[in-house]
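One letter stands for each residue in the lines below.
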Amino acid sequence: MDAFEYASPSTVKEAIALLGSDWEDASVFGGGTDLISLLKDDVEETKRLVNIKRIGALHAIQNDHGSLRIGAAVTIEQLMSASDVRRDFPSIPDAAEGIRSPQLHNMSTVGGWICQRPRCWYYRNGFGLLALDASGKSLVEQGDNRYHAIFGNSGPAKFISPSSLGPVLLALDGRIHIEGPNGPRDIAAREFFVTPQKQGDRELALAPNEIVTGVSIPAASRGMRNGWYEVRPKEGLDWPLTSAAVALKMNGATVESARIAMGHVAPTPWPADDAAKWLEGKTINEDTAAKAGDAAVQGATPLSRNAYKVQLARVAVKRALLAAVGQLATAASA
Amino acid sequence: MSSHDDKPRPNGEEKPNRSHAKDAQDKNLPDLSRRRFIKGAGIAGMAASAGALLADRVVEALPRPQTGAAGAAGVLGPGEVPVTLRINGKTQTLNLEPRVMLLDALRNHLDLTGAKKVCDRATCGACTVHIDGRAVYSCTTLAIDAQGREITTIEGIGSAEHLSPMSQAFWNNDAQQCGFCTPGFVMACTAYLNHEPHPTREGLEKSLGGNICRCGTYMGIKDAVLEAANATKSKGAVA
Amino acid sequence: MADYHWPPADHRALIGKRIKRIDGPQKSSGQAKYSYDINRPGMLWGKMATCPYAHAKITKIDTSAAEAMPGVKGVVTIVPEGQEVFWAGQEIVAVAADTEERAEAGADAVKIEYQQLPYLVADTDPQQAGAQYTKQLENKVAGNPDQAFQQADVVSEGDYGVPVITHCCHETHGQVTEWDGDDLHVWPSTQAVSDMAGEYVEGLGQMGIKIAANNVHVDTQYMGGGFGSKFAADTWGIACAQLSKKTGRPVKMMLERDQELMVAGCRPSMHAHVKVAAKRDGTLVAWDSDTWGTQGPQAEGSPTLPYVLEVPNVRAKYTAVLTNIGPARAWRAPNHPQMALISNGAMEDLAAKLNMDPVDFYLKNIDLAGSHAKIYRDEFAKASELMDWKSKWHPRGQGSSGVLKRGVGLSIHTWGGRGNMSNCQVVIHPDGSVETNIGSQDLGTGTRTVINIVTAETLGLPLSGVKVNLGDNKYPPAGASGGSTTVSGVSTSTRMAATSALNELLAKVAPSFGTTPDKLEAWDGKIQVIGDSSKSIPWKQACAKLGTASVTGTGRTNNALMSSGVGGVQMSEVEVDTETGIVRMIKHVAVQDCGLVIDVKTAESQVFGACIMGVCYAIYEEKIMDQPTGRCLNANMEFYKLASIADIGEIVVHMMQGPGYDERGTIGLGEPPVISPGAAISNAVANAIGVRVPELPLTPDRVLTALGKVGKEGGMV
């Protein structure tokens, strides 16, 4: 790890002014658990860390005309403790609880939860985000891809988006709030996560001199039934193999509309729109949830060693749907 | 390799016979373009690029933004700067590069070696300390970022002569073998109990997933947390 | 004269009781100083430049840039130009600098050029690996297996395998070294304090630095786990001492986590195709196994299959596959966990085919275990009771009909565990204080506590009446702690030394009782006439009769006080989510004998720990080597997965003690209980889901594949 400069500004504007035009110029520093690890591994380099945790404006959880706005520096622990978040959008704390480490809850921020870099072991071992060999062929395809993508992997990117908040935000139609030298902007979570197409591309629609200032969930998503399920091998701290977030607008026992997003299956959180559409007008039960799971994994393109993840994605969707209507426990022990 | 092989196997460093190995083939390995992976490796045919990278060791300062506001933001480093830390109730100032982790500041600069470096990547919990009463991984906490906070290490909650209730419970329940994960576990358990004074076996399992023991002392740790909870109910806080 | 034999059960104050480890407060308060924690005045930090390729020839080394780096004080080349390196992560150059961060930057600045060479790192069977990477080490036949298979009623055939795993010691390998004139002080993280001087004499000698063994001072008070991987000085130890010599300053050089996982030890893989046959009544008649394993760059020895049960007709073939994954190192019970999985897995499959409860199947054949048959019978009975086996076992796959399926499985094992060479010195001072000196080490197994107990028991003192000194080679030499050899080594040598010291004391005090020493004993803090506490003097007063001279007793490992050869039965209960393939531990029962148990508390801890390590390698753990890059892909603790506190279920440990066990004297305990969990858990999964998952660890991909929910080679079913 190189030596770097450090700054701890108190406003977003100051922070932006401290960033550079290249990724290596400066890094936004939140909880740091991922960034520091990347720097220690020499996977990423930086000349300057810009700490955003002392920017008061980024610490708020607030109701903004019915939409929920969460500041980028809010810790996961604070998010889990926010009773109104738990009441209105329970899939957020549910996903947070999947991170089985109080230390990470205490350190990690919402901004880092969505901006953390992929855990692809070729990337983390220094072979680049796309992990191409000298002839341009994918090391992931040639090598061990048990934890890699089963969707969205036709291009060079085979890694999976690591964030469990990502699919939750897609299901809740969330937006990402960003500020750069030209002022603030916001973008649908669905557009924020992108699949790199060539060397040098990143997996987030973010410029090096921009800061994620927070996320928001629109008023329209209130009152939807939330469901979250992750297939995680260990009960302790471990990465999900697949995950799914669902949000259901119900009319009595019938689904009026639905949004489903799978996590850990593609370079981005992966929406399952066909499955969601299919659920409209149906009641959620073991059978319809299973069929929605089948629909969600239609068109999966597993690699040499990860076809099992197709089954796990199918199950994650099914169980997230059952969780949303409070039927998971009975299904799992059936 | 007999079934009663009591002898530890010697550490064989003898080189294998490779006389029949095929001719060197192009393994098509990409340019391992980050230093950690070319640690000392100028790959044949790629030495120039690697060399250039290696020569670029000095951190070039970014042009400082001209605005007064940014100036006020106070860019520090990359060289040593004074870092004032409040550790176990005592305020100390060290000269540290901004890249120095809290764990290394404690261990290498203050000889507070209770917190251990194990995974060094925010996974195993051996480096756990408290900041403002909450458990954190000090291996990925910058010392400079811990300024102005109340840092508590294992040394701050007790000693071998005056064990904290949690340390005492670890001893009573033999929740330790080699003991290298123990201080981190004690700190994680202490923070847990401070926030959950009435733990259940299931609850504590769910809440202590951020620490790993290699020797396998978890059974003792579960008992220790429950015992410490009972012991502290009458006596107040754990630490 | 006091009798050195172990006291009978009704005359033990400490042995066989539940005693807290004496160094517990130091450990749980964070005050224990491990090698990693040693900070010396003026100390430098060492870091190493390592090879990124699995096999390469070094064509050029340029350390000039590193030497010019800020804070760098010294550079030592470990592998010179022109030589080959045989695994990724192999150490090439060591750099010392004034801070840890600068040492790392210095190591990064070393320029090394390589010519890449062919390699094999994948866990590949001999056919795929090719002749140049394989070595057939065994092809044995006993009895007449062909005929026996032909005549058998039932034949079961299956595949079983365990991948390469590593030690992942929490305290990485490494040491602090410091020269003081001709003397070298080393604080290594080691399992072999008394061997370490010789290691440095030899290693430094090869580097042209002559040093006498009596000038090497080794100190390891606490060490953070070894599990069989820390017996040598290692290249980093020698390089560290060279850096100290060169810079004239103490140097601390500990491996980083990725290095620890890459280079500091592999447990060889083992895979087998097995055929095993029995008569209709379950009597075992024949075994045939074709076994291979990757062992790193060296290959030696072969497994003993079948395991524990000596089947009359056997064909067993073993082929080693040489790989560029770093050298194999002993991993707690070398080879036994692998052999147990293969053998107990095949036996359980056969029992299932016979429609037999595996407990009945094993009991039917238990005489094939030879002299330990009775021990196994006792242990099966106890384990069955603790597991409630009879009510939990069901024919394979015929448990509940839901998604979550439970099953139970079992495994048996054996180990030697004879005490190693150990010398001990017990000193009784005129003020009544006592010290026990022994050049052994406490890896966290409770060695200090055991020595304390034996000394105190022998002298009739409380634990606090004895000070134990170990972990330093100034004390009488003791063997390395490996292979479950330490407890017998130190217990018997301590018993002998303490008895000898006591005899000297009794000789001094006998006249004041008007009797002879053989009529006296040390009991309950007093010297007394045997069996008559009314004729006694307190310990301190007795010692005062020594005048000004302390008495010293010495002792060595004594075969009359120990033996070897243990059994052990374990049973597992698991729950498998048949939609996700996730395996969860419900309950694990370990019933273990180890002769005379000195301290029940730390002995049970050993068994608990072994079971948990077993859960790790059964369900989570695997060193993942990548053939395209030649690299270990999971050299971190995020993807080198170890069980957390929430992943182990309930564990029940029962130590076999009392008549039939105590008379055997002490036997080592560390290895045996780690042998069976993989097989017991794998068998429990087979019982739950109705099919064998052939390979450990029992991860969702493997379980779902066995369930037919994933096609081979990635194709969907």
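Residues numbered from 1 in each chain as written. Chains lettered and ligands numbered in written order. Predicted model: local features only at pLDDT ≥ 70, side-chain atom pairs only at ≥ 80, totals over all residues. Heavy atoms only, no water.

Digging into the packing of helix H7 (residues 182-195) of chain B against helix H9 (residues 218-233) of chain B
Residue and element names in this part refer to chain B. Stated precisely, the cut-off is as follows: Angles shown run from 0 to 180 degrees and are taken between the N-to-C directions of axes, each axis being a line fitted to C-alpha atoms and, for helices, limited to the stretch in contact. Counting from the N terminus, the helices are DSSP H or I runs at least four residues long and the strands are E runs at least two residues long. Should an angle fall under 35 degrees it is taken as roughly parallel, and over 145 as roughly antiparallel, whereas 65 to 115 is taken as roughly perpendicular and any remaining angle as oblique. By convention the crossing between two helices is left-handed if the near helix lies anticlockwise of the far one by an angle smaller than a right angle, and right-handed if it lies clockwise. The contact criterion used is simple: two residues touch if any of their non-hydrogen atoms lie within 4.5 Å. In this classification, the charged set is Asp, Glu, Lys and Arg, the nonpolar set is Ala, Val, Leu, Ile, Met, Phe, Trp, Tyr, Cys and Pro, and all remaining amino acids, among them Gly, are polar.
Where H7 meets H9, the axes come as close as 11 Å, and the angle between the chain directions of the two elements is 40°. Comparing the axis directions of H7 and H9 gives the class oblique. The two elements H7 and H9 cross, and the hand of that crossing is right-handed. For the pair H7 and H9, contact is made by Phe185, Cys189, Tyr192 and Leu193 and by Tyr218, Ile221, Val225, Ala228, Ala229 and Thr232, respectively. A breakdown of the residues in the contact of H7 with H9 according to their chemical character gives nine nonpolar, one polar and no charged.

Some remarks on the sheet that holds strand E6 (residues 150-152) of chain B
Residue and element names in this part refer to chain B. Worth spelling out the cut-off: Pairs of strands are assigned from DSSP output, requiring at least two bridges between the strands.
Strand order across the open sheet formed by five strands is E3-E2-E6-E4-E5, with mixed pairing between neighbours. Only two strands of the sheet have a single neighbouring strand rather than two, namely strand E3 (90-96) and strand E5 (134-137). Mean inter-strand twist for the sheet, computed between neighbouring axes without regard to direction, equals 45°. The pairing of strand E2 (residues 81-87) with E6 spans two bridges and is parallel. Opposite Arg86, over in E6, you have Glu150 as the bridge partner. Against the sheet, helix H4 (residues 102-109) engages E2, E3, strand E4 (128-131) and E6, with an angle of about 95° to E3.

Observations regarding the sheet that holds strand E13 (residues 251-254) of chain C
Residues and elements named next belong to chain C. Ordered in space as E3-E5-E1-E13-E10-E11-E12, the seven strands form an open sheet in which the pairing is mixed. Edge positions in the open sheet fall to strand E3 (72-77) and strand E12 (216-218), since each of these has one partner strand only. Taken pair by pair, the neighbouring strands of this sheet meet at an average axis angle of 25°, ignoring direction. Strand contacts of helix H3 (residues 100-108): strand E1 (44-50), E3 and strand E5 (91-97), with the helix running at about 25° to E1, the strand carrying the most contacts.

Observations concerning the interface of chain C and chain A
So the rule is basically this: Buried area: the accessible surface (1.4 Å probe) lost by two parts on joining, summed over both. Salt-bridge detection follows one rule: a side-chain nitrogen of Lys or Arg within 4 Å of a carboxyl oxygen of Asp or Glu. For this analysis, a polar contact is any N or O atom pair within 3.5 Å, provided that within protein one partner can donate a hydrogen and the other can accept it, and provided that sequence-adjacent residues contribute only side-chain to side-chain pairs.
Counting residues at the interface gives 38 residues for chain C, matched by 41 residues for chain A. Taking both partners together, chain C and chain A bury about 3200 Å²; carbon and sulfur atoms supply 55% of that area. If you sort the residues of chain C by the area they bury against chain A, Glu579(C), Leu633(C) and Phe639(C) come out on top, with a joint share of 19%. At the junction of chain C with chain A, the criterion picks out eight salt bridges. Taken together, the links from chain C to chain A amount to 15 residue pairs in polar contact (both at pLDDT 80 or more). Sorting elements by how many residues they give to the side of chain C that touches chain A places helix H19 (residues 700-706) of chain C first, with four residues. Classifying every residue of the side of chain C that touches chain A by side-chain character gives 16 nonpolar, seven polar and 15 charged.

So, helix H2 (residues 33-40) of chain A
All names here are of chain A. Just so we agree on the cut-off: For the exposure calls, accessible area comes from a 1.4 Å probe over protein chains only, and a residue counts as buried if that area is under 20% of its type's maximum, exposed if over 50%, partly exposed in between.
Within H2, eight of the eight residues are buried, which leaves the element mostly enclosed by the surrounding structure. Of all the positions in H2, only Thr33, Asp34, Leu35, Ile36, Ser37, Leu38, Leu39 and Lys40 are classed as buried. After H2 finishes, the residue Asp42 shows a positive phi value of roughly 60°.

Remarks on the packing of aromatic side chains
Threshold: Aromatic contacts are taken between Phe, Tyr and Trp rings whose centres are within 6.5 Å, Trp giving its six-membered ring; a plane angle under 30 degrees counts as stacked, one over 60 as edge-to-face, and the others as tilted. Counting as a charge over the ring demands two things of the Lys NZ or Arg CZ atom: a distance within 6 Å of the ring centre and an angle within 35 degrees of the ring normal.
Tallied over the entire structure, the rule returns 15 aromatic pairs over all chains. When the centroid spacing of 5.1 Å and the interplanar angle of 55° are considered together, the rings of Trp121(A) and Tyr147(A) count as tilted. One end of the pair, Trp121(A), is in helix H8 (residues 121-127); the other, Tyr147(A), is in the loop between helix H9 (139-142) and helix H10 (165-171), and 26 residues separate them in sequence. Both residues of the pair, Trp121(A) and Tyr147(A), belong to the buried class. Taken together, Phe180(B), Tyr34(C), Tyr36(C) and Tyr222(C) form an aromatic cluster joined through their ring pairs. Note that Lys282(A) overlies the ring of Trp278(A), its terminal NZ or CZ placed 4.3 Å from the centroid. For Lys245(C), the ring lying beneath its charged end belongs to Trp179(C), and the centroid distance is 4.0 Å.

What about the interface of chain B and chain C?
Facing the 87 residues of chain B at the interface are 118 residues of chain C. Taken together, both faces of the contact between chain B and chain C bury some 8900 Å²; the carbon and sulfur share is 54%. Note that Arg107(B) and Asp37(C) form a salt bridge whose closest N and O atoms lie 2.8 Å from each other. For the pair chain B and chain C, the number of links is 32 residue pairs in polar contact (both at pLDDT 80 or more). At five residues, the largest contribution of residues to the side of chain B that touches chain C is made by helix H6 (residues 165-172) of chain B. Of the residues that constitute the side of chain B that touches chain C, the class distribution is 35 nonpolar, 25 polar and 27 charged.

What to know about the pattern of salt bridges
Summed over all chains, the structure comprises 79 salt bridges over all chains. Put simply, Arg314(A) and Asp294(A) hold a salt bridge, and the shortest N to O gap is 2.9 Å. On the criterion of sequence distance, the pair formed by Arg314(A) in helix H14 (residues 308-324) and Asp294(A) in helix H13 (residues 286-296) is long-range, its members being 20 residues apart. For Asp294(A), a relative accessible area of 35% corresponds to the partly exposed category. Residue Arg406(C) is joined to Glu573(C) by a salt bridge in which the shortest nitrogen-to-oxygen separation is 3.8 Å. Within this pair, whereas Arg406(C) is found in strand E18 (residues 404-412), its partner Glu573(C) is found in strand E26 (residues 569-577), the two being separated by 167 residues in sequence. Arg406(C) gets classed as partly exposed once you look at its relative accessible area, which sits at 39%. One continuous salt-bridge network, built from bridges that share partners, spans Asp144(A), Arg146(A), Arg305(A), Glu622(C), Asp701(C) and Arg702(C).

Quick word on the domain arrangement of chain C
All names here are of chain C. Rule in force here: An automatic or database domain assignment provides the domain bounds reported here.
Each assigned domain of chain C is listed here: domain 1 (35-117 + 173-254), domain 2 (266-416 + 564-714) and domain 3 (419-561). Distance between the C-alpha centres of domain 1 and domain 2: 38 Å. Contact with domain 1, which involves 13 residues of that partner, is made by 12 residues of domain 2. Taken over both partners, the interface formed by domain 1 and domain 2 buries close to 940 Å², and the fraction arising from carbon and sulfur atoms is 58%. Ranking the residues of domain 1 by area buried against domain 2 places Ala54, Trp87 and Phe227 at the top, with a combined share of 50%. Arg329 is paired through a salt bridge with Asp234; the nearest N and O atoms lie 2.8 Å apart. Counting across the interface, domain 1 meets domain 2 through five residue pairs in polar contact (both at pLDDT 80 or more). Taken together, the residues of the side of domain 1 that touches domain 2 break down into eight nonpolar, four polar and one charged.

Things to note about the pairing of strand E7 (residues 183-188) of chain A
All names here are of chain A. Note: strand E6 (residues 175-180) against E7, six bridges, orientation antiparallel. Counterpart to His177 in the pairing with E7 is Asp186. Where E6 folds back on E7, the antiparallel hairpin that results is connected by two residues.

Some thoughts on the nonpolar core
Just so we agree on the cut-off: Here, nonpolar core refers to any group of buried Ala, Val, Leu, Ile, Met, Phe, Trp, Tyr and Cys residues whose side-chain atoms link them within 4.5 Å.
Core analysis: the largest hydrophobic core is formed by 194 residues, its most contacted members being Ile92(C), Trp287(C) and Phe380(C). No other element matches the 14 residues that helix H16 (residues 600-620) of chain C contributes to this core. Setting aside residues no more than four positions away along its own chain, Phe380(C) makes contact with Val359(C), Tyr362(C), Leu363(C), Ile366(C), Leu410(C), Ile412(C), Val569(C) and Met571(C). Tyr6(A), Leu35(A), Ile76(A) and Ala146(B) belong to the second-largest nonpolar core, a separate cluster that totals 76 residues.

Digging into the packing of H16(C) against helix H18 (residues 677-689) of chain C
Residues and elements named next belong to chain C. At a closest axis distance of 8 Å, the pairing of H16 and H18 adopts a crossing angle of 55°. In terms of orientation, H16 and H18 fall into the oblique class. The chirality of how H16 crosses H18 is right-handed. Where H16 approaches H18, its residues Ala610, Cys611, Gly614, Val615, Tyr617, Ala618 and Ile619 are matched on the opposing element by Pro677, Gly678 and Ile681.

What about the confidence of the model for chain C?
When pLDDT is low, close inspection of the predicted coordinates is not appropriate. Convention followed: A score from 0 to 100, pLDDT tells how confident the predictor is in each residue.
With 99% of its residues at a pLDDT of 70 or more, chain C shows a mean pLDDT of 96. In the predicted assembly, ipTM is 0.97 and pTM is 0.95.

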